[in-house]
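Listed below, chain by chain, are the residues.
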Amino acid sequence: MTPPPGPLRVNGRPADLTGMPDSERLLDTLRWRLALKGTKEGCRTGDCGACTVLVDGRSTLSCLTLTREVDGSDVTTIDGAADDAEIARVSRAFAAAGALQCGYCTPGFVVALAGLLKERGSSAPVEELLDGLQGNLCRCTGYAAIVRGVALARAEAP
Amino acid sequence: MTGFELLVPASVEEAVAALRAGAADPPAVIAGGTDLLLDIDDGRVDPRRVLSLRRLPWRSLDWTDGALTVGSTLPLRSLEDDPEVRRRLPGLWQAVHAVGSVALRHRATLGGNLGRAAPASDLVPMLLALDAEVDLVGPRGDRRLSVDAFVRASRRTALLPDELIRSVRIPESRPSAYLWQRVRPANDISQIAVGVAFSPRERRWSVAVGGMPPRPALLAEVAHDLGDATPDDGVLRAAAVRASRAVSITSDQRASEEYRRRLVATLLLRAVRAVPLDGEGRP
Ligand SMILES: Cc1cc2nc3c(=O)[nH]c(=O)nc-3n(C[C@H](O)[C@H](O)[C@H](O)COP(=O)(O)OP(=O)(O)OC[C@H]3O[C@@H](n4cnc5c(N)ncnc54)[C@H](O)[C@@H]3O)c2cc1C
Ligand code: FES
Ligand code: FES
């Protein structure tokens with residue numbers, strides 16, 4: 001009943017999933033099968049948001065997603081920043097605001113915020129964007145610089 | 001964890017048949033997977049086969065004659081994004097918004113929340129207060145149960161091994177509110193949550209409390225005490241005290257019994273005051 005491996009696209013390119021076990025998580029597919037190490041593993045229990053990627057433009061926890069369950073979708077990760085205008089813009093805003101220290105949480109924050117801006121548009125109140133990032137944890141910055149990065153990314157979105 | 005085979009049936013009939021065929025060793029069902037995959041990681045379940053609902057036509061939301069029907073596999077984020085849900089069932093919107101994070105709600109579903117039946121579920125208390133019903137499909141046909149009859153205890157429901165949750169039905173728009181207390185606002189478990197709703201048709205309140213084992217509970221006597229309109233302050237305070245005594249609560253690592261009892265009273269007061277009886281939700 002399992003359909004043949006579907007055409008999963010990652011950062012615009014079809015992914016070769018030959019021989020992948022059905023139980024594989026999207027996080028492991030990205031990091032180990034496709035060697036896209038930008039997406040981070042923080043907790044593997046859905047609590048930290050470090051593993052956030054976009055699935056058909058919607059932020060998704062890759063540690064709690066079976067790759068087979070998103071067959072046929074477009075997955076965008078931080079490694080695809082060059083091809084995704086929103087991710088690129090948010091990355092620049094985070095850099096300009098100094099919204100990172102060790103940087104481990106940054107791919108998750110950037111991708112989650114890019115997803116929110118795609119969903120809600122830049123007219124969304126900044127409070128709604130911050131509320132939408134509650135699932136992303138940072139152990140270093142104390143969040144103040146991240147909040148500035150969010151405001152900057154919003155101001156610079158078209 | 002050992003591996004499993006993923007079954008992806010293309011129709012409801014095929015899905016039910018697959019559950020039936022595997023009766024001796026039933027496949028685990030996956031919707032969003034946000035509960036199931038953690039259960040697999042922790043070794044609480046170790047299925048050889050997992051049945052995916054992704055191709056079933058259940059990602060639906062429908063308003064007919066004032067009743068809302070939510071397909072079991074609709075991502076919670078889509079439920080939250082329906083403007084009518086926010087306007088006509090504000091308590092449900094608040095409860096859905098309280099689940100995890102945005103990225104979690106892009107996959108997590110209402111069917112999965114009911115299937116897991118967590119004592120700390122944020123959706124079960126509000127569904128109880130809204131008199132919601134669950135529609136099930138199985139080889140012996142369809143059946144409808146109240147959420148109250150469906151949810152038994154943690155991971156225990158009235159669902160038979162060869163049945164699936166198709167949808168959840170909320171019979172009418174209701175002025176309502178859902179308030180919770182947690183240490184962290186997102187990705188944390190409520191220490192106590194209170195859902196209240198007022199039925200304009202029957203002119204009565206319902207009150208449900210969540211965040212305690214074995215399952216969220218309706219407080220029928222407290223609801224009765226609130227009367228048939230906005231209660232005055234004395235009535236409301238008396239009802240809040242009664243509610244804090246009525247719940248069966250224990251201390252655990254998340255909060256003490258005493259703190260929880262106070263939370264029940266405080267959240268009930270605030271929730272009832274937050275329900276605008278002349279606002280939206282009134283037919
Ligand atoms: C980090 C994190 C934070 C969370 N925060 C909250 C929170 O704040 N509040 C809250 O209430 N929950 C929370 N949860 C729990 C979980 O996300 C929700 O219960 C969610 O609604 C489950 O939906 P799902 O589709 O992912 O379920 P799944 O994991 O797919 O399924 C859960 C169970 O239900 C069964 N099931 C699913 N769909 C059906 C169906 N249609 N028919 C029959 N059985 C079915 C499955 O077999 C499984 O046993 C959290 C989880 C995580 C990981
Ligand atoms: S690694 Fe996925 S949420 Fe932490
Ligand atoms: S910058 Fe180190 S965890 Fe956020």
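Computed from a predicted model, the values in this text were never measured in an experiment.

S.K.: I would appreciate a short explanation of the overall build of chain B in the present structure.
M.R.: A count of helical and extended segments in chain B gives twelve helices and 14 strands. On C-alpha atoms alone, chain B measures out to a radius of gyration of 19 Å, which is about the 19 Å that the 2.2 N^0.38 rule sets for 283 residues. C-alpha extents for chain B along the principal axes are approximately 60 × 45 × 35 Å. When burial is assessed residue by residue, chain B has 56% of its 283 residues classed as buried. The contacts of chain B with a sequence gap of at least 6 include a subset with a gap of at least 24, amounting to 63%. Total accessible area computed for chain B in this model is approximately 11700 Å², and 50% of it derives from carbon and sulfur atoms.

S.K.: Which parts of the structure should I look at to understand the site of ligand 1?
M.R.: All names here are of chain B. The environment of ligand 1 is made up of 35 residues, and the closest members are Val29, Thr34, Asp35, Thr109 and Asp122. Threonine 34 places a polar side-chain atom, nitrogen or oxygen, 2.6 Å from an oxygen atom of ligand 1. Residue threonine 109 places a side-chain N or O atom 2.6 Å away from an oxygen atom belonging to ligand 1. Protein chains shield 91% of the accessible area of ligand 1, which is 980 Å² for the free molecule.

S.K.: I would appreciate a short explanation of the environment of serine 121 of chain B in the present structure.
M.R.: Residue and element names in this part refer to chain B. Here serine 121 is to be found in the loop between helix H7 (110–116) and helix H8 (123–129). On the accessibility criterion, serine 121 (5% relative accessible area) is buried. Spatially, the C-alpha atom of serine 121 lies 9.3 Å from that of methionine 212, the residues being 91 residues apart in sequence. Dropping the residues within four chain positions of it, serine 121 is found in contact with Asn113 and Tyr178.

S.K.: Help me understand the packing of helix H2 (residues 85–97) of chain A against helix H5 (residues 144–156) of chain A, please; the structure alone is not making it clear to me.
M.R.: Each pair of packed helices can be summarised by the angle the axes make with each other and by the distance between the axes. All names here are of chain A. Relative to each other, H2 and H5 sit at 135°, their axes nearing to 8 Å. The angle between H2 and H5 falls in the class oblique. Crossing geometry of H2 relative to H5 is assigned as right-handed. Contact with H2, carried on its side by Arg89, Val90, Ala93, Phe94, Ala96 and Ala97, involves Ala145, Ile146, Arg148, Gly149, Val150, Leu152, Ala153 and Glu156 of H5 and no other residues of that element. A per-class count over the contact of H2 with H5 returns ten nonpolar, one polar and three charged.

S.K.: Quick question: what am I supposed to make of the packing of aromatic side chains here?
M.R.: Within this structure, the stated rule accounts for one aromatic pair over all chains. For arginine 86 of chain B, the ring lying beneath its charged end belongs to tryptophan 93 of chain B, and the centroid distance is 3.8 Å.

S.K.: Explanation requested: the side chain of serine 190 of chain B in the structure shown.
M.R.: Residue and element names in this part refer to chain B. Residue position: serine 190 is located in the loop between strand S11 (176–181) and strand S12 (192–199). Polar contacts involving the side chain of serine 190 include one to the side chain of aspartate 122, which spans 3.2 Å. Separated by 3.1 Å, the side chains of serine 190 and arginine 182 make a polar contact. Dropping the residues within four chain positions of it, serine 190 is found in contact with Ala120, Asp122, Trp180, Gln181, Arg182, Gly211 and Arg254.

Reading the values: rules and limits
- Residues numbered from 1 in each chain as written.
- Chains lettered and ligands numbered in written order.
- Predicted model: local features only at pLDDT ≥ 70, side-chain atom pairs only at ≥ 80, totals over all residues.
- Heavy atoms only, no water.
- Helix = DSSP H or I, 4+ residues; strand = E, 2+ residues; numbered from the N terminus.
- Rg over C-alpha atoms; globule rule 2.2 N^0.38 Å.
- Buried < 20%, exposed > 50% of the residue type's maximum accessible area, 1.4 Å probe, protein only.
- Contact = heavy atoms within 4.5 Å.
- Areas by Shrake-Rupley, 256 points an atom, 1.4 Å probe, with all protein chains shown as cover.
- Near = heavy atom within 4 Å.
- Polar contact = N/O pair within 3.5 Å; in protein donor to acceptor, adjacent residues only side chain to side chain.
- Axes fitted to C-alpha atoms, helices over the stretch in contact; angles between N-to-C directions.
- Parallel < 35°, antiparallel > 145°, perpendicular 65-115°, else oblique.
- Left-handed = near helix turned anticlockwise from the far one by under 90°.
- Nonpolar A, V, L, I, M, F, W, Y, C, P; charged D, E, K, R; others polar.
- Phe/Tyr/Trp six-rings, centres within 6.5 Å; stacked < 30°, edge-to-face > 60°.
- Lys NZ or Arg CZ within 6 Å of the ring centre and 35° of its normal.

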